[in-house]
Amino acid sequence: MSPRDEARAPGAPAGNISVVRLPNSWFILSTSGELGGKPLMRTLQGTPLVLFRGEGGRPAALLDRCPHRNVPLSLGRVVEGQLQCGYHGWRFDAAGECRAIPGLTGETRAKARCAASYATREQDGFVWVYSTPGVEPTSEPYRFPLLDAPGYSSVRRVVRAPGSLHASLENTLDVPHTAFLHGGLFRTAKKSNEIEVVVRRGPDRVEAEYIGEPRPKGLVGRVLAPGGGVVQHFDRFLMPSIAQVEYRIGQESHLMVSSAMTPVSDWDTLIYAVVTFRLPVPHWLVKPFLTPVAMHIFSQDSRILRQQTDSIHRFGTEMYVSTELDVLGPAILRLLRSAEREKTAPALEAVQETRMKMLV
Amino acid sequence: MSPRDEARAPGAPAGNISVVRLPNSWFILSTSGELGGKPLMRTLQGTPLVLFRGEGGRPAALLDRCPHRNVPLSLGRVVEGQLQCGYHGWRFDAAGECRAIPGLTGETRAKARCAASYATREQDGFVWVYSTPGVEPTSEPYRFPLLDAPGYSSVRRVVRAPGSLHASLENTLDVPHTAFLHGGLFRTAKKSNEIEVVVRRGPDRVEAEYIGEPRPKGLVGRVLAPGGGVVQHFDRFLMPSIAQVEYRIGQESHLMVSSAMTPVSDWDTLIYAVVTFRLPVPHWLVKPFLTPVAMHIFSQDSRILRQQTDSIHRFGTEMYVSTELDVLGPAILRLLRSAEREKTAPALEAVQETRMKMLV
Amino acid sequence: MSPRDEARAPGAPAGNISVVRLPNSWFILSTSGELGGKPLMRTLQGTPLVLFRGEGGRPAALLDRCPHRNVPLSLGRVVEGQLQCGYHGWRFDAAGECRAIPGLTGETRAKARCAASYATREQDGFVWVYSTPGVEPTSEPYRFPLLDAPGYSSVRRVVRAPGSLHASLENTLDVPHTAFLHGGLFRTAKKSNEIEVVVRRGPDRVEAEYIGEPRPKGLVGRVLAPGGGVVQHFDRFLMPSIAQVEYRIGQESHLMVSSAMTPVSDWDTLIYAVVTFRLPVPHWLVKPFLTPVAMHIFSQDSRILRQQTDSIHRFGTEMYVSTELDVLGPAILRLLRSAEREKTAPALEAVQETRMKMLV
């Protein structure tokens, strides 16, 4: 029984658990800095992988199992750009081909002796790995926006979310929970403003635009938008696992939080977050506050995701009831399920747009 | 696979494991004192429940899962007699109906948004919960006898037995093990007295009466029955989970131990025990000894139940061989299995009586 | 699902996991010294057993479960050469027959009340148990060679290998890994010598003879074979679980390491190792070095076996690719599988011999 089946098995009709396994998709498996001279043990969607730097320092990713006696290759070492198993010393190159078998008098290379290899890319300071082995990727990884744009600063963090990829994405892009879970930080529980939400669905994305959202109160509001101005707020999901939150307040403030999520296993998600911003106050003044506030918010979200995951395991199944306030979650799940079945979403020639009301 | 199936699954023919799940039955889920202003997380027969005090302070019990995103309601808080989820702030009343969804502009109440609710009763200082949700109970909880009878005193304790409901019931009402496990306390291993045992089976109970049991030796005997007199000893099982041990020695001593057992999960049983007694010595003199002695006995039983449970798990099945000394255990299991299948026991118009001999 | 199926179940076609359960085979379950006046809890191929000394101090082995209420007999005590359960005091003799039931007025002995019993032997300071209960053994346990031979000394050790019986046997008898895992101790990674390997397969054994192996370098070589001389090296597997490594260097040095392996469970193997030797230096001088060196080697092997076992569990299956350097492993697995199916190996009238080359 695969871990996937296991996750779904306990009495649940298939599809009742928001767990997906995506083929042909790019995910971040480490930062550039983490991948040095030693092999890195990683797990992607439950599959053990090993990363190492092959010839020319280029990242390589193999299935983390020596074909000979199945010892993890990640427990060996890198020798001359090849990965050497610690048991019998077999060596593999970046393509997974076996290049040395100590003691053997005959030919070393053979198809059966290859380790499955995965395409990699190193860009924006991250090592990306393609989730299907042995194939040429048909797409390229996500590019983080505005990284080098003039006037913008960035902050990066990696955090671990104890929930499924879908639960983590929905949580990151969900507005109504903020008034409760993060009460006081973004919004208060006393709703008074009815705003309009425009939802736009495309074949590889879904976006919510919040129209009429009030400017933050007090000091924060005056700092972010001293001249007043309209709030523009977008929440976006981009396949396969990017959650993007964008705020513009007036002419001067622009904030973009991109979270590239990596499904380590069915109920464990790594979030590589990049916060990029332009603000009308000195950035050195903002940065010291940004991380503690973001980590505080995330620790609350992490606690709730843990509770949600534990509850799904306790019951052995998931039973969600959605309302129109669940603006993006169900749409995200549909896109993930389509990708899992290797279908593109039902061809939407034009982007589909719907509108609704919400109290914030 | 439900936890129930899981318990039975390992190679065991169904019925080979003494685990039952009883519908339509009352169980204690907390003492009155434990249930205050905060929600209580409880488990009944493997099902997570939340207790809280609703309007007027009356106990309420719901399935411990928010219908929206499945976070445990027990991790939220009680607001104005309603239970509020900690994720998005949905609120539920004692009947499980959804009464608030922050942010929603339309109607809140809807059938799909209800949390399953369980009937409750608060009596004798305990909160009882009915094991089938969404129905009107067809019975009332057990009443502890003699609680307010003149001349009687009571002591209460809650202990955890690491065994199935059946194993815990059988252990509590089993006579032969006392000479070994609790050797010296009740009886000694040197058997000399042949006594008669009368077993009476009814549709919702089974009782053993021990006739000819010798009066306790030494000081204890003289204290309990200074004027001598006959020992009357009854062990009773009352559906669904009450074990009652009654002793009368002479005219003056009367001891009644009622253990109301709650099957938390298949192999974990909570015992709410009430010891009620009338003795010819001052009760303030007896009470300090009662609890340490009872807890000593229970710690020995608990150890054996743990060993028994571990052994059943190690072998993946249960293989009992009973003799006529197993006076009540097999009869209790038959009653539990009938209740599980929602049948009443084969109609016994009159109570069935059998007799046997035992060495004590 | 039996533990065996469990081991094989995760997606693996039967036979894809090198786990076997051997009937009708002798295994060591304790040293003579470990088995004193108290019962010993042991596990053999996943089955809980209890050892105790019955009448005349002879070792007895029973299934570790009281037939009455399934409490482990190993948690009781030995009384007059019988094993007494700690719950109700039932007693069993060395043949597993029930000899006492306290409280019972009628006959005690009955077939259903017997505990399954296993044949035992005590020899060479070890307690051996036959893996099929209730039968007369058709063979006798392995005899450790040269234990009392004049001029020989012995050292004994018991170590735990976190791998399957097969993986542990293969590891113990595998030559190529020594240059890497134990690099520097036996051989170095710089291969220069091509040697010949003769493999001889019989119905209950397989042996590899290494011809042309160079004498150890430096001090060790001069100590072991001061007069020079030829190296003779044999690695042998003897059914059901003996790994034997024999070295002769010149006329004077003779070293024999016999490892009798006990499959505690599918992935946990106990190794009862006896090192017997005759050397041209005083044995009191050698002994202090022997144990630390052997334990250092074993700790490296143990780490690799743990990694291999964990990897097989992570992937839920085993995927080995062998080369001709895997001289004994595949042959050992074939012998184990035949024994598991209670077939003798395909009748080899004469011993089959094959030859190959290896770089050491």
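Computed from a prediction, not measured in an experiment: that's the story for all the values here. Throughout, residues of each chain are indexed from 1 in the direction in which the sequence is written. The naming scheme follows written order: chains are lettered A onward, ligands numbered 1 onward. Local features in this predicted model are restricted to residues whose pLDDT is 70 or higher, and side-chain atom pairs enter the listing and the counts only when it is 80 or higher, whereas totals over whole chains, interfaces and linings include all residues. Neither water nor hydrogens contribute to the side-chain values; these are computed over all heavy atoms in the structure.

### Remarks on the interface of chain A and chain B
- The contact criterion used is simple: two residues touch if any of their non-hydrogen atoms lie within 4.5 Å. Each partner contributes to the interface: chain A provides 33 residues, whereas chain B provides 26 residues.
- Each salt bridge in this description consists of a side-chain nitrogen of Lys or Arg and a carboxyl oxygen of Asp or Glu lying within 4 Å of one another. Counting the contacts that link chain A with chain B gives 3 salt bridges.
- Linking A:D326 and B:R69 is a salt bridge whose minimum nitrogen-to-oxygen distance equals 3.5 Å.
- Two N or O atoms form a polar contact when they lie within 3.5 Å of each other; inside protein one atom must be a possible hydrogen donor and the other a possible acceptor, and for residues adjacent in sequence the pair counts only when both atoms belong to side chains. Counting across the interface, chain A meets chain B through 12 residue pairs in polar contact (both at pLDDT 80 or more).
- Labels follow the DSSP assignment, with helices taken as runs of H or I lasting at least four residues and strands as runs of E lasting at least two, numbered in each case from the N terminus. Secondary-structure elements contributing two or more residues to the side of chain A that touches chain B are α2 (165-172), α3 (178-181), α5 (283-315) and β19 (352-359) of chain A.
- No other element matches the 7 residues that α5(A) contributes to the side of chain A that touches chain B.
- Ten residues, namely Ala, Val, Leu, Ile, Met, Phe, Trp, Tyr, Cys and Pro, are considered nonpolar, four, namely Asp, Glu, Lys and Arg, are considered charged, and the remaining ones, Gly among them, are considered polar. Counted by class, the side of chain A that touches chain B contains 15 nonpolar, 9 polar and 9 charged residues.

### Some thoughts on the relation of the copies chain A and chain C
- Only residues with pLDDT of at least 70 in both copies count here: their C-alpha atoms drive the least-squares fit that superposes the copies. The transform that puts chain A on chain C rotates by 120° and translates by 0.1 Å along the axis, for an RMSD of 0.0 Å. Both chain copies can therefore be described as sitting about a three-fold axis.

### A word on the UniProt feature "domain: Rieske" (unreviewed entry) in chain A
- Within the UniProt annotation, "domain: Rieske" (unreviewed entry) is assigned to residues 26-129 of chain A.
- Here residues 26-129 of chain A is 0% helix and 42% strand, with 6 Å between the C-alpha atoms at its ends. UniProt positions are given in the numbering used here, feature names are shortened, and annotations may be inferred rather than shown by experiment.

### Considerations on the sheet that holds strand β1 (residues 26-31) of chain B
Residue and element names in this part refer to chain B.
- For two strands to be treated as a pair, DSSP must find at least two bridges joining them. Read from one edge of the open sheet, 3 strands run β1-β11-β10, paired in antiparallel fashion. On the outer flanks of this sheet lie β1 and β10 (120-123), each paired with one strand and no other. Taking each pair of neighbouring strands and ignoring which way they run, the sheet shows an average axis angle of 30°. Convention adopted: a line fitted to C-alpha atoms gives each axis, helices being fitted over their contacting stretch, and angles between N-to-C directions are expressed from 0 to 180 degrees.

### Quick look at the sheet that holds strand β17 (residues 253-265) of chain A
All names here are of chain A.
- What the 8 strands build is an open sheet, ordered β12-β18-β17-β16-β15-β14-β13-β19; its pairing is antiparallel. In the strand order of this sheet, the two ends are held by β12 (153-161) and β19, each with one partner. For this sheet the average axis-to-axis angle between neighbouring strands, irrespective of direction, equals 15°.
- Most of the contacts of α2 go to β17, to which it runs at about 165°, and overall it touches β12, β15 (231-238), β16 (242-249), β17 and β18 (268-278).

### Focus on the interface of chain A and chain C
- Taken together, the 26 residues of chain A in the interface contact 33 residues of chain C.
- A quick way to say it: buried area is the sum, across both parts, of accessible area lost when two parts are put together, with a 1.4 Å probe. Summed over both sides, the interface between chain A and chain C buries roughly 2,600 Å², with carbon and sulfur atoms accounting for 58% of that surface.
- For the interface between chain A and chain C, the tally reads 3 salt bridges.
- Summed over the shared surface of chain A and chain C, the number is 13 residue pairs in polar contact (both at pLDDT 80 or more).
- Here the residues of the side of chain A that touches chain C are counted per class, giving 14 nonpolar, 8 polar and 4 charged.

### A word on the packing of aromatic side chains
- Here a Phe, Tyr or Trp ring, Trp counted by its six-membered ring, pairs with any other such ring whose centre lies within 6.5 Å, and the pair is stacked when the planes are under 30 degrees apart, edge-to-face when over 60, and tilted otherwise. Across all of its chains, the model carries 15 aromatic pairs over all chains by this definition.
- Look at A:W128 and A:F144: their rings are 6.4 Å apart centre to centre, the planes differ by 45°, and that puts the pair in the tilted class. Of this pair, A:W128 sits in strand β11 (residues 126-130) while A:F144 sits in the loop between β11 and β12, placing them 16 residues apart in sequence. The exposure classification of A:W128 matches that of A:F144, with both residues buried.
- Arranged with centres 5.3 Å apart and planes meeting at 40°, the rings of C:F126 and C:F144 form a pair that is tilted. Here C:F144 lies in the loop between β11 (126-130) and β12 (153-161) and C:F126 lies in strand β11, a separation of 18 residues in the sequence.
- The cut-offs for exposure are 20% and 50% of the maximum accessible area for each residue type, with area from a 1.4 Å probe on protein chains only; residues under the lower value are buried, those over the upper are exposed, and the others partly exposed. On the basis of relative accessibility, which here comes to 6%, the residue C:F144 falls in the buried class.
- Through a chain of ring-to-ring contacts, the aromatic side chains of A:F126, A:W128, A:Y142, A:F144 and A:Y272 assemble into a single cluster.
- Above the face of the C:F315 ring, A:R65 is positioned so that its terminal group lies 4.3 Å from the ring centre. Only when the NZ of Lys or the CZ of Arg is both within 6 Å of the ring centre and within 35 degrees of the ring normal is a charge said to sit over the ring.

### Overview of helix α6 (residues 329-340) of chain B
All names here are of chain B.
- Taking 1.5 Å as the rise per residue, α6 with 12 residues should run 16 Å; its terminal C-alpha atoms sit 16 Å apart, in good agreement.
- Here α6 lies mainly inside the structure; 9 of its 12 residues are buried.
- Buried within α6 are the following residues: G329, A331, I332, L335, L336, R337, S338, A339 and E340.
- One or two residues past the end of α6 sits E342, with phi positive at roughly 60°. Residue count minus one, scaled by 1.5 Å, sets the expected span of a helix.

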